[in-house]
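Residue strings, one per chain:
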Amino acid sequence: MLSQKRTFESRIDYSLLLPVLLLLSIGVMAIYIAVSHDYPKEVGTIVGQQIVWIFLGFLISFIIMFFNTKFLWLITPYLYVFGLGLMILPLIFYSDSLVASTGAKNWVAIHGVSLFQPSEFMKISYILMLSRVVVNFMQQHKKEERTIRLDFLLIFKLGLYTLPVLFLLTLQSDLGTALVFAAIYCGIVLLSGVSWKIILPIFLSATLLFTAFMFIFISAGGRAFLHNLGMPTYQINRILAWLHPFEYAQTTTYQQAQGQIAIGSGGLIGQGFNVSNLLVPVRESDMIFTVIAEDFGFLGSTLVIVIYLVLIYRMLKITIKFNNQFYTYISTGLIMMLLFHIFENIGAVTGILPLTGIPLPFISQGGSSIISNLIGVGLLLSVSYQNSLAEEKRERTHSIRKKVVLKKIK
């Protein structure tokens, strides 16, 4: 007898959705706490907007879940070009006040109203494009022995699709987002099997350059030298805030210093729901982790990190289970994107890393980030959904063959 056809609801990966829903719920709660103290008259508006963005993100994610490999493969180049087009918009339509405060032209704004951040959506298009390039490259050279020359060729091809993105981010003065794209690029290059003979020298060179940069930065006259070379003042201030958060606590490092004090004041179990004794600028967005740490302490903060780890584990499990190269690279890119966001955001607010303005996935306030991350979830749901369809097909084929064999025996 043929196996009963499953409904689409039974093919949804709820074990992936659960940690996402938990993080989104924590985010709405944390935003409510932050806004109720900082902008009490705008609580309903800001929290309501966040909920609307979540519903919109889930709607798009639900549609993407039905995309198959062939369709994703075909639309990827168009999404990449469309993403580049969107990234040009902030260079034309921007808010002077926002640029003055952040130093970056990374938001599309009209008449002073910030609408969306194109680079958030470009991350998804970029992941899809690099995944397509790697798979296409592997198929073209599958009969050739893997050599250093081929590895360099692959790195070069991936670089061709990375340079336009980095160029536009440079024009936008958005270093933080550029680092996210660099993390995605490195993750996909590593998974592609590039030889350690290439990776090791590059890693050592990057370490040497970073060491040299920090030596110049902390030396007398070093910051002036870097500024004359073109390094923006806001980036210099962010590194200073990382190195000496309490030396300039009343001026340039006020945000970082207040954030670290707020985290420390939470102690083990926190000060309780909706308690805030410190003012941390923009804590509903980039500094949202300070709200969680202050109100729910070390235990609450650890719980959030554990939920993230469960989500990453589930993403890895889906990737391994489905034997499809294109989806494997897509999942890898999404995992690298989330890991870098989590590591950089929490590292920055705790003082381990410099502040770059990168949001905390599924928790920070902001429509572009929420929708982009949920699009990523939709792609992973698509992986799981297509895997379920493939399993059903195998089961039906097995049942038919078994029935034919039984008939022959009779």
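Residues numbered from 1 in each chain as written. Predicted model: local features only at pLDDT ≥ 70, side-chain atom pairs only at ≥ 80, totals over all residues. Heavy atoms only, no water.

Per an unreviewed UniProt entry, the protein chain goes by Cell division protein FtsW and derives from Streptococcus sinensis.

### Examining the packing of aromatic side chains
This is how it is decided: Two aromatic rings from Phe, Tyr or Trp, using only the six-membered ring of Trp, form a pair when their centres are within 6.5 Å; if the ring planes differ by under 30 degrees the pair is stacked, by over 60 it is edge-to-face, and anything between is tilted. Burial classes follow relative accessibility: with a 1.4 Å probe on protein chains only, a residue under 20% of its type's maximum area counts as buried, one over 50% as exposed, and anything between as partly exposed. By definition here, charges over rings are those cases where NZ of Lys or CZ of Arg is within 6 Å of the ring centre and within 35 degrees of the ring normal.
Scanning the model with the defined rule gives 10 aromatic pairs in all. Aromatic pair phenylalanine 62 and phenylalanine 66: ring centres 5.1 Å apart, planes at 85°, arrangement edge-to-face. Looking at phenylalanine 62, the relative accessible area reads 34%, which means it is partly exposed. Three or more aromatic residues link up through ring pairs in this structure, and these residues are Phe62, Phe66 and Tyr385. Against the face of tyrosine 94 rests lysine 105, its NZ or CZ located 4.3 Å from the ring centre.

### A look at empty space enclosed by the protein
Cut-off, in case you're wondering: The definitions used throughout rest on a 1 Å grid laid over the protein atoms alone, on which a cavity is an enclosed set of points accommodating a 1.4 Å probe that cannot get out and a pocket is an open set flanked by protein within 12 Å on both sides along at least five of seven lines; lining residues are those having an atom within 4 Å of a point. Grid points are joined across faces, edges and corners, and a volume is the space filled by probe spheres set on the points. Note on conventions: DSSP H or I runs of at least 4 residues are helices, E runs of at least 2 residues are strands, and numbering of each starts at the N terminus. Throughout, the ten residues Ala, Val, Leu, Ile, Met, Phe, Trp, Tyr, Cys and Pro are labelled nonpolar, Asp, Glu, Lys and Arg are labelled charged, and all others, Gly among them, are labelled polar.
Scanning the model with the defined rule gives two cavities of 30 Å³ or more in all. Here the largest cavity is characterised by a volume of approximately 60 Å³. Lining the largest cavity are Leu311, Met315, Leu334, Met337, Leu338, Phe362, Asn373, Gly376, Val377 and Leu380. Elements with a contribution of two residues or more to the lining of the largest cavity: helix H12 (288-321), helix H13 (325-349) and helix H14 (367-409). Looking at the lining of the largest cavity, the element that brings in the most residues is H14, giving four residues. Of the residues that constitute the lining of the largest cavity, the class distribution is eight nonpolar, two polar and no charged. Taken as a whole, the second largest cavity encloses approximately 30 Å³ of empty space. The wall of the second largest cavity is formed by Ile33, Ala34, His37, Val275, Ser276, Arg283, Val291, Glu294 and Asp295. Among the secondary structure elements, those contributing two or more residues to the lining of the second largest cavity are helix H1 (14-38) and H12. Across the lining of the second largest cavity, the residue classes tally to four nonpolar, two polar and three charged.

### Remarks on helix H7 (residues 175-191)
This is how it is decided: In this analysis, the expected span of each helix is defined as 1.5 Å times one less than the number of residues it contains. Contacts were defined at the residue level, with two residues in contact if any of their heavy atoms lie within 4.5 Å.
With 17 residues, H7 extends 25 Å between its outermost C-alpha atoms, agreeing within 8% with the 24 Å of an ideal straight helix rising 1.5 Å per residue. Listed in full, the buried residues belonging to H7 are Gly176, Thr177, Ala178, Val180, Phe181, Ala183, Ile184, Tyr185, Gly187, Ile188 and Val189. Against the buried residues of H7 lie helix H5 (118-140), helix H6 (148-172) and H13. At the C-terminal side of H7, glycine 193 shows a positive phi close to 85°.

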